[in-house]
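# Chains, contacts and geometry: an overview
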Amino acid sequence: MTPSARPQSLRSPQPSRRVLLTTGSSDAHTWNLVHLQLLLEEHGHSVLNLGPCVPEQLLVDTVGMTDPDLVVFSSVNGHGHQDGLRAARALRADERTRSVPMVIGGLLGISPEGASTRAAELLDAGYDEVYADGTPPTALLRRLAGLDGACRGRAAA
Ligand code: B12
């Protein structure tokens, strides 16, 4: 869909943010990414969607080049915990991407058992927020509205 064919913004966010949307290197699901992209764009944000099965080095290099306001990691295949840990460690280990704000959500495991331990490990690896399985994507709109400071310099899309 071309930008001009998309529906008009549902509201004008204050301010509009640049979001880099990614999933884990093992995760082939795409409709979660499409849904999140459309939701955020319809609320006036700019989204670069890396698509399915994103290798960690591609994520690090793209974040380094584009300097987004927020990295949103979405995973639903049940391996989000392991994929998310690798991605966070790679981003936090590179000086270009060490301080980028990042959050993760979707379905991070295959059972509710162990969810709090998984969340603690993901926070420890560097995520600013870990959304529990089943959290509606509108939580991201509140997160974006609450980001400090002006929009970061370079465009993510
Ligand atoms: C379609 C589908 C597939 C397709 C994907 C095709 C494609 N191009 O996307 C195919 C057939 C490839 C597939 C494969 C597999 N799948 Co599949 N798949 C589904 C299915 C039926 C629908 C997913 C979908 O498109 N939903 C629509 C989108 C819009 O919704 P969503 O994914 O729920 O995302 C929303 C929320 O999760 C949330 N959200 C997502 N990310 C984030 C992030 C944040 C920060 C927040 C706040 C919210 C949020 O918002 C999103 C938008 O509303 C689901 C079951 C289901 N009914 O949901 C299983 C499901 C996701 N698959 C599952 C599994 C296990 C697999 C396989 C491992 C199966 C296998 N053994 O091969 C493989 C994995 C392949 C891989 N390498 O990843 C499991 C995951 C189990 C778990 N996590 O507990 C599910 C839940 C089925 C099940 N009940 O067991 N799958």
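Predicted, not measured: the structure shown is a model, and the values here were computed from it. (Residues numbered from 1 in each chain as written. Predicted model: local features only at pLDDT ≥ 70, side-chain atom pairs only at ≥ 80, totals over all residues.)

### Overview of the overall build of the chain
Quick note on the threshold: Secondary structure elements are defined from DSSP: runs of H or I of at least 4 residues count as helices, runs of E of at least 2 residues count as strands, and each element is numbered from the N terminus. Exposed residues have 12 or fewer other C-beta atoms within 10 Å of their own C-beta, buried residues have 20 or more, and residues in between are partly exposed; the C-beta atoms are placed from the backbone. Each residue is represented by a C-beta atom placed from its backbone, and any two residues with such atoms within 7 Å are regarded as in contact.
When its secondary structure is counted, the chain shows 5 helices and 5 strands. Buried residues in the chain amount to 33% of all 157 residues. Contacts in the chain between residues at least 24 apart in sequence constitute 83% of all its contacts with a sequence separation of at least 6.

### Focus on the sheet that holds strand E5 (residues 129-130)
Put simply, the rule reads: Being paired, for any two strands, means DSSP has found at least two bridges between them.
The 5 strands are arranged E2-E1-E3-E4-E5 in an open sheet whose pairing can be described as parallel. Two strands bound the open sheet, and with one partner strand each, they are strand E2 (46-49) and E5. Bridge count for strand E4 (residues 102-106) against E5 is 2 bridges, and the pairing is parallel. Paired with Ile-104 across the strands is Val-130, a residue of E5.

### Here's the deal with helix H3 (residues 80-93)
Inclusion rule: To estimate the expected span of a helix, subtract one from its residue number and multiply by 1.5 Å. Our arc is simply the arc of the directions from the helix axis toward the C-beta atoms.
End to end, H3 covers 19 Å across 14 residues, agreeing with the expected 20 Å (1.5 Å per residue, within 8%). When H3 is considered as a whole, its buried residues turn out to be Gly-80, His-81, Asp-83, Gly-84, Ala-87, Ala-88 and Leu-91. The arc that holds the buried residues of H3, viewed along the axis, is 160°, so those residues lie on one side. Of the surrounding elements, those touching the buried residues of H3 are helix H2 (56-66), strand E3 (70-75), E4 and helix H4 (115-125).

### Re the confidence of the model for the chain
Quick reminder of the rule: The pLDDT score gives, residue by residue, the confidence of the prediction method on a 0 to 100 scale.
Looking at the chain as a whole, its pLDDT mean stands at 90, while 85% of the residues score no less than 70. Contacts from residues 1-5, a stretch scored under 50 in pLDDT, to residues over four places away or in other chains number 1 contact.

### Structural notes on the site of the ligand
Basically, it comes down to this: Proximity of a residue to a molecule or strand is defined by its backbone-placed C-beta atom lying within 6 Å of that partner. Classification used: nonpolar for Ala, Val, Leu, Ile, Met, Phe, Trp, Tyr, Cys and Pro, charged for Asp, Glu, Lys and Arg, polar for all others including Gly.
What surrounds the ligand is a group of 24 residues, the closest being Trp-31, Ser-74, Gly-78, Gly-105 and Gly-106. Every element with two or more residues in the shell around the ligand is listed here: helix H1 (31-42), E3, E4 and helix H5 (139-145). In terms of residue count, the dominant contributor to the shell around the ligand is H1 (4 residues). Among the residues making up the shell around the ligand, the classes are represented as 12 nonpolar, 11 polar and 1 charged.

### Looking at the nonpolar core
To keep it simple, the criterion reads: Each nonpolar core comprises buried Ala, Val, Leu, Ile, Met, Phe, Trp, Tyr and Cys residues, the members being joined through C-beta atoms within 7 Å.
Ranked by internal contacts, the top residues of the largest apolar core, which has 28 residues, are Val-19, Leu-21, Val-71, Val-72, Leu-91, Met-102 and Ile-104. Secondary structure elements with two or more residues in this core: strand E1 (18-22), H1, H2, E3, H3, E4, H4 and H5. With 4 residues, the top contributor of residues to this core is E3. Not counting residues within four places of it along the chain, the set of residues in contact with Val-72 comprises Val-19, Leu-21, Leu-36, Val-103 and Leu-140.

### Side note on unusual backbone geometry
Even without a glycine there, the phi angle at Cys-53 is positive, about 50°. Its location among the elements puts Cys-53 in the loop between E2 and H2. A tally of 15 C-beta atoms within 10 Å means that Cys-53 is categorised as partly exposed. In the Ramachandran plot, Asp-67 falls in the positive-phi region, its phi being about 50° despite a non-glycine side chain. With respect to the helices and strands, Asp-67 occurs in the loop between H2 and E3.

### So, the packing of H3 against H4
A pair of packed helices is characterised by two quantities: the angle between their axes and the separation of those axes. Here is the rule we go by: To obtain an axis, a line is fitted to C-alpha atoms, over the contacting stretch when the element is a helix, and the angle between two such axes runs from 0 to 180 degrees between their N-to-C directions. Should an angle fall under 35 degrees it is called roughly parallel, over 145 degrees roughly antiparallel, and 65 to 115 degrees roughly perpendicular, with every other angle called oblique. Crossing handedness follows the turn of the near helix against the far one: under a right angle anticlockwise gives a left-handed crossing, and clockwise gives a right-handed one.
Here H3 crosses H4 at 15°, and the two axes come no closer than 9 Å. Regarding the angle of H3 to H4, the classification is roughly parallel. The handedness of the crossing between H3 and H4 is left-handed. Side by side, H3 and H4 meet where His-81, Gly-84, Leu-85, Ala-88 and Arg-89 of the first sit next to Arg-118, Glu-121, Leu-122 and Ala-125 of the second. Of the residues in the contact of H3 with H4, the class split is 4 nonpolar, 2 polar and 3 charged.

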